[in-house]
Structure formats: C-alpha cells, structure tokens
Number of protein chains: 2
Amino acid sequence: MRCIMLQPMNMFFGGLATMMLVCYLTWSTQGREIKRFISQQKDVLCVVSLNDTRPGLQKDDLPVIYFITPTYPRREQVAELIRLGQTLMHVPNLHWILADDSATCNPMVIDLLPRFGLPYTHLASPMPEIYRHVSIVPRGVANRRAALAWIRANIKSGVIYFGDDDNTFDLKLFKEIRDTRKVSMFPVGLIGEYSISSPILKEGKVVGFFDSWPAKRMFPVDMAGFAVNIEFLLQHPNATMPYKAGYEEDRFLRSLGLTLDQIEPKANGCTEVLVWHTQTTKRTPPVLRIDSVLDNSLKDLLQTMTYLGIGSMSDSHGVKTYATKNGKSHLL
Amino acid sequence: MRCIMLQPMNMFFGGLATMMLVCYLTWSTQGREIKRFISQQKDVLCVVSLNDTRPGLQKDDLPVIYFITPTYPRREQVAELIRLGQTLMHVPNLHWILADDSATCNPMVIDLLPRFGLPYTHLASPMPEIYRHVSIVPRGVANRRAALAWIRANIKSGVIYFGDDDNTFDLKLFKEIRDTRKVSMFPVGLIGEYSISSPILKEGKVVGFFDSWPAKRMFPVDMAGFAVNIEFLLQHPNATMPYKAGYEEDRFLRSLGLTLDQIEPKANGCTEVLVWHTQTTKRTPPVLRIDSVLDNSLKDLLQTMTYLGIGSMSDSHGVKTYATKNGKSHLL
C-alpha cells in the first residue's frame, strides 16, 4: 500500500498546495494514509492501495482499466458499492477509483474497499457548494474531475472508464474496452425514452448517434458509453468535464479534440448491449424512535445501521418501533 | 448436462403426468433438454445443467446451496439477471434455480444462463391466472413452489435460499448459510419503514423480531432473511408457500413446524447486514416508431433490443425516433 500525491488542479495554488500537503499515518496497522490538498475543489485523497490480492488475476500483458465511480452518501450507497465491488472482483488488472461526494473520508467506505482485493484509490471529492443550488445539479462532476486529476498526476498508461455505482456491467465489457487506443464507444441499455443509446455505424465507421436527448450535442452519448486511453487523455492537458448537467460527456469528448472517424466501435459493431443504466429506487433513511434501553442484539444492529447510513435512532422523535414475539408486538 | 424429472405437485394428476412427460432434445448440439409436465401450475422444466465450469470452485466437502430466484419478464430483467449471475459466479457449490413467471421458456434466459458457468435449473412457472386479478398479487409464489417441487423430486441434501433478482448479496452471506442445520436467520437491510428487518437475540437465542410490518405473524421476516436445510424440508412433506401476499414467509416457516428455539442466528448474532432489499426502478419498455428502412448497425441493435425485451419497433405508432450527426437530428 503506497501513498501517492494528487496534483493540484489549479496551478495558481500549486506552490501553496505543495507546502501544505501533509501525509500522516491514520490507520498505522494497515498502512493506510490520508492527505488533504488545496484545489478549487476541496478534494481529499483518502486511501490508495496498489495491492491486488486476488489470486490469478494479475496479468502483465494487459493494460490496466481505471474504473472511475462517482458516488455519494445515501441509504443505498453501501449495498450498491458491495454489489459493484463484487462485479469488479472478476476483472483482471483493474484499479477502482471511487470518488465520494463528501467533505471527509467516509469510514464505511474506508472499511469496505479493502475487502474486494482490488487495487483502489478512494477520494473524498465534494461538489462545490455553488452547484448544489442550481436548477439541475451537475452530479458526479466534482468526483470525475478529482479522479481525472489523480490520473493525470500519477498514471502514464491504461484506459479510463466512468462506471456509476448503480449501473450493471456485463463482464464482457471489460474485455472490449481494454484495447481502446483513443476513444471507444458502445451501446448503453435502459436509458432515456428509447431505452437505448448508441453510436450508429455504417461499414464499420460511426455515422451518427441514436439517443433520445440529442440536445445539439456532437456526441450524444451516456457517460457509461465510452472509454478513453490514458495516453490519449494526457496528450490533451486541458481536457476536462464541465459543471453543466447533461453536457458532461459531450464537452469532455470535445475537449479531447475527438472526431467521428477516430471513434472505435465496440460490442460487435454497436449491436450488443454490455452495460445497463439500471437505477436503484431511493428512499430517505428513517429516524427510529426507541425510548427503552436495549439489552439485546438490536442495540448492536441499530449501531451498525447508523454506521452504514441506512437509518438512525432517537429517543425523542421518529418512527415508533415495535418488537414482535409470537405474533404480539410491544413498543420499544 | 442431464435431464431430471420434476415431480407433479398434485398427486391426483401423477399418473397422467408420468404418461405425458416427453423429454426431447431441442438444442441437440448443446445437450439441452426441455420437458413439459402437468400440475396445478402449468410449470415447464426448461433446462437443467449440472456442469460447473468455473475453475477451482468445486469443493467436495461443502453442502450445495440451491439459490432460488423468482423472476418475471420486464424491461430490467436481463440486466438484473446478468448482475446477479455475476455475483453467484463467485460462490462455490451453488446451484441456481431460476423460475420465470412465464408460460414458456424465455429464449433470452435460455441463452443467458450458460454463460455464468454455474449449475442451474431453469423453470417456466407462470402464476395461475386467478391470482393475477386479486387486489395484492402474490408475486413469486408460483415460482418458489415450482422450485420447491423440483427440489423435493430431485435433491436429497444441501441448503435452499430464496434470492430475488434485484436484491444485493454480500458474498459473506453464502459462507454463513451453508452450514444451516434446520433454519438459519439473519438481518435484511433496506426493507420496510425501519430500513431493516431482523430477529432479536438475547444470550444467543431468538427472543423476538424487529420488522415494521408485524401483521401478527409468528415469523415476521423477509424472504431473503432465512435459509432452510433440505433434509429438514424433506421431513415436512406438506410444507409449502401460500398464495397470500405478505404471509408467504410466515406460512412457509410455520408449515415446517419451526419453533423459535430452533432458529440458528447468523451474521454475527444478527448484528451485521449481509443481504439488501435493493429495488430497481422500473419503466415500461417503449415502442419505437421507425418509418425508414435501416441500412446500418441500428437495424441489428434494435433487433437485439426486442429480443432482450427492453423495447420494440413499429412503423405505425410509438415514440418518434431521430438519428443525430454533428449536432443535427433527422427523423428515422
């Protein structure tokens, strides 16, 4: 496990940031380290682990896939991350960059990540406050920008892919994107009014796009519908993603100077679906009202619940709670 | 790959069913076989595969987990099954029983199942028509009854577990339930008004339940919150699940003659959460109106879409569709 510096995104603050970077051992027994750095975003590099403890999944000749997942604290977060992590466990030479929309490093995420045996980078990358108040919030942009900054500062080659924590990824996808030379593209299922979004090919070349929200975009594609070679990314030092909801993909791809004829179609000439925009139903975590002193396993379970962010307890307000035995219930 | 008979659930029809069972080779190159049988439910045994082609995951000393998944045709079905199948791929000695609420064997499911390398049984187990018109439809009961009938007819030992296709399963769960002697129980996350449902323990024994919908149930638990040893199940030949929405778990467990002191608590004394009732947002598959003759990759992609059940095409009605190039759109 090593500690790697995250390059400040704003060069003006570069000198200041370098002086202020302090790398201190927080979880000394596990060798985890945390750094805070100054940038326009208040990003925190929580943990970097380069260990891959999965037997038989290190293959020297394969480019590494840097799988970038923007995430944010919510009731469903822990379940989503477990499910996604267990999918990624199958993929050789994959480094998971998990960027959380949170001001500080979430202990639940810190505890969760090592269990998958994957190399990973954990960033706390809160959305700047100003964007939380616009009419359509540009979710996940701060996270992806933080991940791109970490890539630019630390990585020389490989492939990046933006994979949300509620999407579904067919394992075939990873084989397809691994040999991306510049930018590869492919269909995304369960998205928009058409239920699908994809480049359209003729004689092996991209001749247009099929997407229910064209919005005059040059590249009307979903975030999950393309992968980018890192050497190609590094050739475009100013390429980035805007805080403009709906236009993140298009502007990012345009900032790479991409042209239609450079696009490498995947998924059998864009006729198969290997990634799905599944969405998880969300609910607000409850506050459970518990007046009595618990002297049983429920005490620890409810602490687990609070730690995981799926609910909390109060002795003064919230949902009335009951325990049931032999079909009879009594107030807690 | 072998063909195994499914015992008729209604003994009155037993003789008739035996006569009518016809086992014919449909996919001769792959050795897949299909049988139709007569029972109260119009169940079809689509495919049984006992092959486990996952390297290193066959362990002679482990009881087999029979993982029963009720499913039904919908826009999200294929994505859910891919995601779940990829989770189950990690689990040694697991046999996936997939029971589809469909009158016939869905070709999409037939094609999908072999790719995970798991042993599996694929059943088409449509809900009897009468239950489709009640106020609260008892979803998944026909499927689980068909799976139980297949277990009773063919399996002598192991553990059964009911795992819906949209739930999230921590891999630790499988280690916990594998040594179930009679019935094991554990918490389920993201469920009901409490966000959690669990047995309550004191000094290692179940003394009650914490569930937001007690409904005077003896066992107010979720379908994902318990596992049953197959030898114990077979000791109760009449044990079954009722077509009574909300009471399926309780009545099934009561039909096993279960008592509180027989319950084996798992997940660190019911203080951890290893299974999550994640729900996927559902939408109706669109009809895409396409008037022009397609001479590009979109033609094949839209056929894939129809085959997967995520949408369909029409030249007379439906959502107007456009192709986009260089920011300009034209009607298809």
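Residues numbered from 1 in each chain as written. Chains lettered and ligands numbered in written order. Predicted model: local features only at pLDDT ≥ 70, side-chain atom pairs only at ≥ 80, totals over all residues. Heavy atoms only, no water.

## Notes on the pairing of strand S3 (residues 44-49) of chain A
All names here are of chain A.
And then number 1: With respect to burial, S3 is a largely interior element, six of its six residues being buried.
And then number 2: Here S3 runs beside strand S6 (residues 120-124); their pairing, made up of five bridges, is antiparallel. Directly across from serine 49, in S6, lies its bridge partner tyrosine 120. (Buried < 20%, exposed > 50% of the residue type's maximum accessible area, 1.4 Å probe, protein only. Helix = DSSP H or I, 4+ residues; strand = E, 2+ residues; numbered from the N terminus. Pairing = 2+ DSSP bridges.)

## Concerning the interface of chain B and chain A
And then number 1: Each partner contributes residues to the interface: chain B has 76 residues there, and chain A has 76 residues.
And then number 2: Between aspartate 295 of chain B and lysine 202 of chain A there is a salt bridge whose closest N-O contact spans 2.6 Å.
And then number 3: Run the count over chain B and chain A and you get 30 residue pairs in polar contact (both at pLDDT 80 or more).
And then number 4: For the side of chain B that touches chain A, the secondary structure elements donating two or more residues are helix H2 (77-88), strand S8 (168-169), strand S11 (196-202), strand S12 (205-210), helix H8 (267-270), helix H9 (297-308), strand S18 (319-320) and strand S19 (322-325) of chain B.
And then number 5: In terms of residue count, the dominant contributor to the side of chain B that touches chain A is H9 of chain B (eight residues).
And then number 6: Looking at the side of chain B that touches chain A residue by residue, the classes come out as 36 nonpolar, 23 polar and 17 charged. (Contact = heavy atoms within 4.5 Å. Salt bridge = Lys/Arg side-chain N within 4 Å of Asp/Glu carboxyl O. Polar contact = N/O pair within 3.5 Å; in protein donor to acceptor, adjacent residues only side chain to side chain. Nonpolar A, V, L, I, M, F, W, Y, C, P; charged D, E, K, R; others polar.)

## Focus: the UniProt feature "active site" (unreviewed entry) in chain A
Residues and elements named next belong to chain A.
And then number 1: The positions that UniProt labels "active site" (unreviewed entry) are, in the present scheme, Glu249.
And then number 2: The class of glutamate 249 is buried, set by a relative accessible area of 8%.
And then number 3: Contact partners of glutamate 249, with chain neighbours within four places excluded, come to Arg217, Val221, Asp222, Met223 and Phe226. (UniProt positions renumbered as here; feature names shortened; annotations may be inferred.)

## A few points about the state of the cysteines
Residues and elements named next belong to chain A.
And then number 1: Applying the stated criterion across every chain yields a total of two disulfides over all chains.
And then number 2: Here cysteine 46 connects covalently by a disulfide to cysteine 105, the sulfurs 2.1 Å from one another. Measuring handedness by torsion sign, the sulfur bridge of cysteine 46 and cysteine 105 sits at about -90° and is left-handed. Residue cysteine 46 is found in strand S3, and its partner cysteine 105 is found in the loop between strand S5 (94-100) and helix H3 (107-112); the two are separated by 59 residues along the sequence. Across this residue pair, the class does not change: cysteine 46 and cysteine 105 are buried. (Disulfide = S-S within 2.5 Å.)

## Some details on the relation of the copies chain B and chain A
Between the two chain copies there is a screw-like relation: a rotation about an axis and a shift along it.
And then number 1: Turning chain B through 180° and shifting it by 0.0 Å along the axis lays it on chain A, with an RMSD of 0.0 Å. Interpreted geometrically, this transformation is the action of a two-fold axis. Considering only C-alpha atoms, the residue of chain B closest to the rotation axis is threonine 280 of chain B, which sits at 2.2 Å.
And then number 2: Of the residues that chain B buries at the interface, 100% are likewise interface residues in chain A, meaning the two copies contact each other through the same surface. (Least-squares fit on C-alpha atoms with pLDDT ≥ 70 in both.)

## Some thoughts on the environment of aspartate 100 of chain B
All names here are of chain B.
And then number 1: Among the secondary structure elements, aspartate 100 is positioned in strand S5 (residues 94-100).
And then number 2: On the accessibility criterion, aspartate 100 (0% relative accessible area) is buried.
And then number 3: Counting along the chain gives 124 residues from aspartate 100 to alanine 224, while the straight-line C-alpha distance between them is 18 Å.
And then number 4: The contacts of aspartate 100, once residues within four sequence positions are left out, are Thr71, Tyr72, Pro73, Gln77, Asn106, Val109, Leu123, Ala124, Ser125, Pro126 and Asn143.

## Structural notes on the nonpolar core
And then number 1: The biggest cluster of nonpolar side chains holds 118 residues, and the ones touching the most others in it are Trp96 and Tyr161 of chain A together with Trp96 and Tyr161 of chain B.
And then number 2: Other than its neighbours up to four places away in sequence, tyrosine 161 of chain A contacts Tyr66, Phe67, Ile68, Phe169, Leu173, Ile177, Phe186, Ala224, Phe226, Ala227 and Val275 of chain A. (Core = buried A, V, L, I, M, F, W, Y, C linked by side-chain atoms within 4.5 Å.)

## Points about the domain arrangement of chain A
All names here are of chain A.
And then number 1: If you check the domain split of chain A, you get domain 1 (44-276) and domain 2 (287-331).
And then number 2: The distance between the C-alpha centroids of domain 1 and domain 2 comes to 39 Å.
And then number 3: Taken together, the six residues of domain 1 in the interface contact four residues of domain 2.
And then number 4: Together, the buried faces of domain 1 and domain 2 total about 410 Å²; carbon and sulfur atoms form 58% of this surface.
And then number 5: It is Arg75, Val78 and Met108 that lose the most area in domain 1 upon contact with domain 2, and together they represent 77% of the buried surface on that side.
And then number 6: Where domain 1 meets domain 2, there are zero salt bridges.
And then number 7: Take the side of domain 1 that touches domain 2: its biggest share by element is three residues, from H3.
And then number 8: Across the side of domain 1 that touches domain 2, the residue classes break down as three nonpolar, no polar and three charged. (Domains from an automatic or database assignment. Buried area = accessible area lost by both parts, 1.4 Å probe.)

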